[in-house]
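So you can see what is in the structure, the chains are spelled out below.
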Amino acid sequence: EPEVTQTPSHQVTQMGQEVILRCVPISNHLYFYWYRQILGQKVEFLVSFYNNEISEKSEIFDDQFSVERPDGSNFTLKIRSTKLEDSAMYFCASRGELSYNSPLHFGNGTRLTVT
Amino acid sequence: DQQVKQNSPSLSVQEGRISILNCDYTNSMFDYFLWYKKYPAEGPTFLISISSIKDKNEDGRFTVFLNKSAKHLSLHIVPSQPGDSAVYFCAASETDSWGKLQFGAGTQVVVTP
């Protein structure tokens, strides 16, 4: 079964550094997402992306965050200047269409640790 | 943000018995509800969904029930198997939300032999 893949599985970075998290969504999917889960908290929505632009973003997704689909297969999340509170599991997800028959499929996540 | 609530952080059930997981929501605009299962070190895996035009949806051992008037849904797993031991998340979205999901806090299910 096709799956969403994320790299790296674990990223350690120093506060203030830039980090790029990478995702390869399912190949025929058109809608892409980033979610995160801070330890002990809920999975929370960050951003959705369709047709090469952001379709919706949460208040968490401030100017420090950006997303890009640099080619036909990758979808990236960049954090420009990481803060301690950015430490979390970051999940990429994709979806074929906006219908009840097309749920979000998640990758296994990247654990980001900011020191 | 407490739009989706799972009030039971954990549930222990014997193998072969029924597991019932509950979820409540407050946003009356939600019209699509999903259950995800999550193992440690993995991402959420889709289990089953239901739209607001239905009150029940079945897929094998999994059945989701939706009570719109009570803003409540439940997931029934029968019979429960050891491999069902995981964290289960309830999630919901609005039609016009580009697929943005609001998640509950999750319920840890442990299936004992």
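For the structure, check the block above.
As a starting point, this report considers the structure included with it.

Points about the interface of chain A and chain B
Next, step 1: Taken residue by residue, the interface counts 22 residues in chain A and 25 residues in chain B.
Next, step 2: Across the chain A/chain B interface, buried area totals approximately 2,000 Å², and carbon plus sulfur atoms make up 62% of it.
Next, step 3: Linking chain A to chain B there are one salt bridge.
Next, step 4: In this structure, K100(B) engages E56(A) in a salt bridge whose closest nitrogen and oxygen atoms are separated by 3.8 Å.
Next, step 5: Linking chain A with chain B are four residue pairs in polar contact (both at pLDDT 80 or more), by the criterion used here.
Next, step 6: Here the residues of the side of chain A that touches chain B are counted per class, giving 12 nonpolar, seven polar and three charged.

Concerning the packing of aromatic side chains
In this description, an aromatic ring pair is defined by two values, namely the gap between the centres and the angle between the planes.
Next, step 1: Taken as a whole and assessed by the stated rule, the structure comprises 18 aromatic pairs over all chains.
Next, step 2: Aromatic side chains F30(B) and F33(B) sit 6.5 Å apart centroid to centroid with 85° between the ring planes, which places their arrangement in the edge-to-face category. Taken as a pair, F30(B) and F33(B) share a single burial class, namely buried.
Next, step 3: Ring centres of Y36(B) and F46(B) lie 5.9 Å apart, and the angle between their planes is 70°; this geometry places the pair in the edge-to-face category. Residue Y36(B) is found in strand β4 (residues 30-38), and its partner F46(B) is found in strand β5 (residues 45-51); the two are separated by 10 residues along the sequence.
Next, step 4: What makes Y36(B) buried here is its relative accessible area of 0%.
Next, step 5: An aromatic cluster is present here, built from Y33(A), Y35(A), F45(A), F91(A), F106(A), Y36(B), F46(B), F89(B) and F103(B) joined pairwise through their rings.

Notes on the sheet that holds strand β1 (residues 4-5) of chain B
All names here are of chain B.
Next, step 1: Strand order in the open sheet made by the five strands is β1-β3-β8-β7-β6, with antiparallel pairing throughout. Strands at the two margins of the open sheet, each flanked by one partner only, are β1 and β6 (56-59).
Next, step 2: Relative to strand β8 (residues 72-77), strand β7 (residues 62-67) runs antiparallel, the two being bridged by six bridges. Each bridged residue has a counterpart across the sheet, and for F62 the counterpart in β8 is I77.

Overview of the state of the cysteines
Next, step 1: A complete count under the given rule lists two disulfides over all chains for this structure.
Next, step 2: Each sulfur in the disulfide pair C23(A) and C92(A) lies 1.9 Å from the other. Across the S-S bond of C23(A) and C92(A) the torsion is about -65°, and the bridge reads as left-handed. Taken together, the residues span a long stretch of sequence, with C23(A) in strand β3 (residues 19-24) and C92(A) in strand β9 (residues 88-95) at a distance of 69 residues.
Next, step 3: What makes C92(A) buried here is its relative accessible area of 0%.
Next, step 4: Note that C23(B) is cross-linked by a disulfide to C90(B), the S-S spacing being 2.0 Å.

About the thresholds
Residues numbered from 1 in each chain as written. Chains lettered and ligands numbered in written order. Predicted model: local features only at pLDDT ≥ 70, side-chain atom pairs only at ≥ 80, totals over all residues. Heavy atoms only, no water. Contact = heavy atoms within 4.5 Å. Buried area = accessible area lost by both parts, 1.4 Å probe. Salt bridge = Lys/Arg side-chain N within 4 Å of Asp/Glu carboxyl O. Polar contact = N/O pair within 3.5 Å; in protein donor to acceptor, adjacent residues only side chain to side chain. Nonpolar A, V, L, I, M, F, W, Y, C, P; charged D, E, K, R; others polar. Phe/Tyr/Trp six-rings, centres within 6.5 Å; stacked < 30°, edge-to-face > 60°. Buried < 20%, exposed > 50% of the residue type's maximum accessible area, 1.4 Å probe, protein only. Helix = DSSP H or I, 4+ residues; strand = E, 2+ residues; numbered from the N terminus. Pairing = 2+ DSSP bridges. Disulfide = S-S within 2.5 Å.

Note that every value here comes from positions in space, so none of it alone points to a role or purpose.
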